[in-house]
Amino acid sequence: LSHIKVYLEDTDASGMERLKKAVEELQLPMNVAALEETNWEESWKDNYPPQEVGQNLVVLPYWLADAETDRLRVILDPGLTFGTGAHPTTQMVVEAMEQLLPQGGSCLDLGSGSGILSIAALRLGAKTAIGVDIDPKAEDIARENAAYNGFAAPEFTAYTGSVTGDKALMKSLAGTYDLVLVNIVADVIISL
């Protein structure tokens, strides 16, 4: 049994008439009900769950930052950038970090998006993490997410730029890292 839901403004009389006519032509049953007033911009948060990642971490949206858990918290604003913990590649990178990242180590996160991997590295015991993304919004969002977790420079630093085309950025990143994370599409990884 299938259901089709159509949402119309209660003032859209012509839309309702067209819908009724189409339903009658198809000889389908139709139910009409008013929806409760809802703040749709905020209601999606009601169904946004904590995301366990790896063996030790849980990614929490900032409005659930105080949720009860035995895991290390990575608190994020799951907004406009990639990196909420739900994607399988993010989960695999975190699982690898749990095995490979030395305590007190340094981490470089290329294509950092929300900063989730840099923050996870710091939660797992890294001393420093640097996130780099080509999207200028990602830099601000990553810093904001790091702040939700109590991290700021010099522990966490975010940059905007291309590590293959921005010579000044490449020079500022020169050094040795215990772990370099690159959770982006394969053709970009190959060019790096």
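The shown structure was predicted, so the numbers you read here are calculated from the model rather than taken from an experiment.

Some points on the environment of Asp12
Now for step 1: Tracing the backbone shows Asp12 in the segment before α1 (13–26).
Now for step 2: Residue Asp12 is classed as partly exposed on the basis of its relative accessible area of 27%.
Now for step 3: In sequence terms Asp12 and Ile141 are 129 residues apart; their C-alpha atoms lie 39 Å from each other.
Now for step 4: At 2.8 Å, the side chain of Asp12 and the backbone nitrogen of Gly15 are in polar contact.

Some remarks on the side chain of Asn183
Now for step 1: Along the chain, Asn183 falls in the loop between β7 (179–182) and α7 (186–191).
Now for step 2: Looking at Asn183, its side chain comes within polar contact range of the side chain of Thr89, at 2.9 Å.
Now for step 3: Side-chain polar atoms of Asn183 contact the side chain of Thr90, separated by 3.3 Å.
Now for step 4: Those residues in contact with Asn183, other than ones at most four positions away along the chain, are Phe82, Thr89, Thr90, Val93, Leu110 and Leu117.

Things to note about helix α5 (residues 136–148)
Now for step 1: Counted at 1.5 Å a residue, the expected span for α5 with its 13 residues is 18 Å, and the 19 Å between its end C-alpha atoms agrees.
Now for step 2: All of the buried residues along α5 are Ala138, Glu139, Ile141, Ala142, Asn145 and Ala146.
Now for step 3: In this fold, the buried residues of α5 make contact with β3 (72–76), α4 (116–123), β5 (128–133) and β6 (156–160).
Now for step 4: Capping the start of α5, Asp135 holds a side-chain oxygen 2.9 Å from the backbone nitrogen of Lys137, two or three residues further along.
Now for step 5: Gly150 occupies a position one or two residues after α5 and carries a positive phi of about 85°.

Considerations on the nonpolar core
Now for step 1: Core analysis: the largest hydrophobic core is formed by 26 residues, its most contacted members being Val74, Val94, Met97, Phe156 and Leu181.
Now for step 2: For this core, the secondary structure elements donating two or more residues are β2 (57–61), β3, α3 (88–100), α4, α5, β6 and β7.
Now for step 3: Broken down by element, this core gets its largest block of residues, six residues, from α4.
Now for step 4: Setting aside residues no more than four positions away along its own chain, Leu181 makes contact with Val93, Met97, Cys107, Leu108, Asp109, Leu110 and Leu117.
Now for step 5: Of all hydrophobic cores here, the second largest spans seven residues; its members include Leu108, Leu110, Val132 and Leu169.

Considerations on the pairing of β2
Now for step 1: Judged by how many residues are buried, β2 sits mostly within the fold: five of five residues are covered.
Now for step 2: Here β2 shows no split at all, with Leu57, Val59 and Pro61 on one side and Val58 and Leu60 on the other all buried.
Now for step 3: Here strand β1 (residues 51–53) pairs with β2 via three bridges, running antiparallel. Bridged to Val53 within β2 is Leu57.
Now for step 4: The loop that links β1 with its antiparallel partner β2 comprises three residues; one of these, Gly54, has a positive phi angle of about 65°.
Now for step 5: For β2 and β3, the ladder comprises five bridges, and the chain directions are parallel. Within β3, the residue paired with Pro61 across the bridge is Leu76.

Details of α1
Now for step 1: Spanning 14 residues, α1 covers 20 Å between terminal C-alpha atoms, matching the ideal 20 Å at 1.5 Å per step.
Now for step 2: Taken from the residues just after α1, Gln27 is the one with a positive phi, measuring 55°.

A closer look at the sheet that holds β3
Now for step 1: Taken together, the three strands give an open sheet; going across it, the order is β1-β2-β3, and neighbouring strands pair in mixed fashion. Only two strands of the sheet have a single partner each, and these edge strands are β1 and β3. Across the sheet, the mean angle separating the axes of adjacent strands is 30° when strand polarity is ignored.
Now for step 2: Contacts between α3 and the sheet are confined to β1 and β2, with β1 contributing the most and set at about 45° to the helix.
Now for step 3: Contacting β2 and β3, α4 crosses the sheet at an angle of about 155° to β3.

Reading guide: rules and limits
Residues numbered from 1 in each chain as written. Predicted model: local features only at pLDDT ≥ 70, side-chain atom pairs only at ≥ 80, totals over all residues. Heavy atoms only, no water. Helix = DSSP H or I, 4+ residues; strand = E, 2+ residues; numbered from the N terminus. Buried < 20%, exposed > 50% of the residue type's maximum accessible area, 1.4 Å probe, protein only. Polar contact = N/O pair within 3.5 Å; in protein donor to acceptor, adjacent residues only side chain to side chain. Contact = heavy atoms within 4.5 Å. Expected span 1.5 Å × (residues − 1). Core = buried A, V, L, I, M, F, W, Y, C linked by side-chain atoms within 4.5 Å. Pairing = 2+ DSSP bridges. Axes fitted to C-alpha atoms, helices over the stretch in contact; angles between N-to-C directions.

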